Amino acid sequence: MTPNYRRILLKLSGEALGGEGGGQGFAPAVLVRMAQEIHEIVAAGVQVGVVVGGGNLFRGAALVDVGLARTTGDTLGMLATVMNALALQDVFERHGLSVRVMSSFLLPSLCEPFNAREARAHLDVGRVVICAGGTGNPFFTTDSAAALRAIEIGAEVMLKATKVDGIYDRDPLRDRAAVRYTRLSYDEVLAQRLGVMDLTAIVLCQEHKLPVRVFNMGKPGALYRAVTDPEEGTLVK
């Protein structure tokens, strides 16, 4: 099938890198499968930007609960996303992909500073661009960072990888009677507080008319279907 998009932004949670159950650290088999699936869509002509979380390495919220300043916790969380980005870069390159890691704060010995124009130039020549460091500011989630970067690079869609195959009216992991939506408006997601992303990210997508497709990347071949099959997951637009 022919891809429906020329350029995408893929949002990966840090927990996804830890494998089944959202473990800590890295699950090598998961990283390899991600590399293979991204290689497949790049070979099909899709330009890929990636934003990755850091929850498999560090969760600032947990330390905030025991007294750490929110700004410090968020900064440590952003540093964890850089670690994840570098790990992904290594695995992706060993599977034949050309990759650039771009960070929202300066780490010149490790990666490039994020610049939207340079990021688009990398994408135009077929490189995968992994955006690390969140927005570079505390109080913003990596969902908000993903929405921001998707808009800056001119992505046609943001693909939000989750552990379920779309957005449901209630938690499908707890209630087997939960119903999956195939299509939702931004207003419906906001009004029902469906929790697919934080509200700041949804509003940003709405303001810039950026569609969001929520899908389960844990299923083999789901990423390719997300760019080719309009019925895969749930589309918010």
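Refer to the structure presented above.
So, here is what we can say about the structure in this document. Just so it is clear, the structure is predicted and the values come from calculations on it, not from any experiment.

## A few points about the pairing of strand β3 (residues 99-103)
Here is step 1 of the chain: Counting buried positions over the five residues of β3 gives four, a clear majority of the element.
Here is step 2 of the chain: As defined by bridge partners, β3 adjoins strand β5 (residues 128-132) across five bridges and the pair is classed as parallel. The residue bridging R100 from the neighbouring strand is V129, located in β5.
Here is step 3 of the chain: Here β3 runs beside strand β4 (residues 112-113); their pairing, made up of two bridges, is parallel. Bridged to M102 within β4 is E112.

## Examining unusual backbone geometry
Here is step 1 of the chain: Despite not being glycine, F139 has its phi angle at roughly 75°, a positive value.
Here is step 2 of the chain: One can find F139 in the loop between β5 and α6 (142-153).
Here is step 3 of the chain: Of note in the backbone geometry, R193 takes a positive phi value of approximately 45° without being a glycine.
Here is step 4 of the chain: By secondary structure assignment, the location of R193 is in the loop between α7 (186-192) and α8 (199-207).

## Some words on the pattern of salt bridges
Side chains that differ in charge, positive against negative, can pair when their charged atoms come close.
Here is step 1 of the chain: This structure, assessed with the given rule, holds 13 salt bridges.
Here is step 2 of the chain: Where E37 meets R33, a salt bridge forms, and the shortest distance between an N and an O atom there is 3.6 Å. Of the two residues, E37 and R33 are both situated in helix α2 (residues 28-43); the distance of four residues between them amounts to about one turn of the helix.
Here is step 3 of the chain: Residue classification places R33 among the partly exposed residues on the basis of a relative accessible area of 22%.
Here is step 4 of the chain: Across the pair D90 and R94 runs a salt bridge whose closest N-O atoms are separated by 2.9 Å. Highlighted residues: D90 and R94, both in helix α4 (residues 70-94), separated by four residues, approximately one helical turn.
Here is step 5 of the chain: Given the relative accessible area of 40%, D90 is considered partly exposed.

## Remarks on the packing of aromatic side chains
Here is step 1 of the chain: Under the criterion given, the structure shown has zero aromatic pairs.
Here is step 2 of the chain: Cation over ring: R149 sits above F114, and NZ or CZ is 4.0 Å from the ring centre.

## Here we look at the pairing of strand β6 (residues 157-162)
Strand residues, when the strand is regular, have side chains that alternate between the two faces of the sheet.
Here is step 1 of the chain: Of all six residues making up β6, five are buried, and the element is well covered by its neighbours.
Here is step 2 of the chain: One ladder, built from four bridges, connects strand β1 (residues 7-12) with β6; its direction is parallel. What sits directly across from I8, in β6, is V157.
Here is step 3 of the chain: Where β6 meets strand β10 (residues 212-216), five bridges bridge the pair, whose relative direction is parallel. Counted as the bridge partner of L159 is R213 from β10.

## Description of the state of the cysteines
Here is step 1 of the chain: Overall, the coordinates contain zero disulfides when judged by the stated rule.
Here is step 2 of the chain: With no disulfide of its own, C111 has C131 as its nearest cysteine by sulfur position, at a separation of 11 Å.
Here is step 3 of the chain: The class for C131 is buried, based on a relative accessible area of 5%.

## Thoughts on α4
Here is step 1 of the chain: Over its 25 residues, α4 extends 37 Å from the first C-alpha to the last, a length consistent with the 36 Å expected when each residue adds 1.5 Å.
Here is step 2 of the chain: Looking one or two places after α4, you find G96, whose phi comes out positive at around 90°.

Parameters and conventions
Residues numbered from 1 in each chain as written. Predicted model: local features only at pLDDT ≥ 70, side-chain atom pairs only at ≥ 80, totals over all residues. Heavy atoms only, no water. Buried < 20%, exposed > 50% of the residue type's maximum accessible area, 1.4 Å probe, protein only. Helix = DSSP H or I, 4+ residues; strand = E, 2+ residues; numbered from the N terminus. Pairing = 2+ DSSP bridges. Salt bridge = Lys/Arg side-chain N within 4 Å of Asp/Glu carboxyl O. Phe/Tyr/Trp six-rings, centres within 6.5 Å; stacked < 30°, edge-to-face > 60°. Lys NZ or Arg CZ within 6 Å of the ring centre and 35° of its normal. Disulfide = S-S within 2.5 Å. Expected span 1.5 Å × (residues − 1).

Honestly, it's all geometry; don't read function into it.
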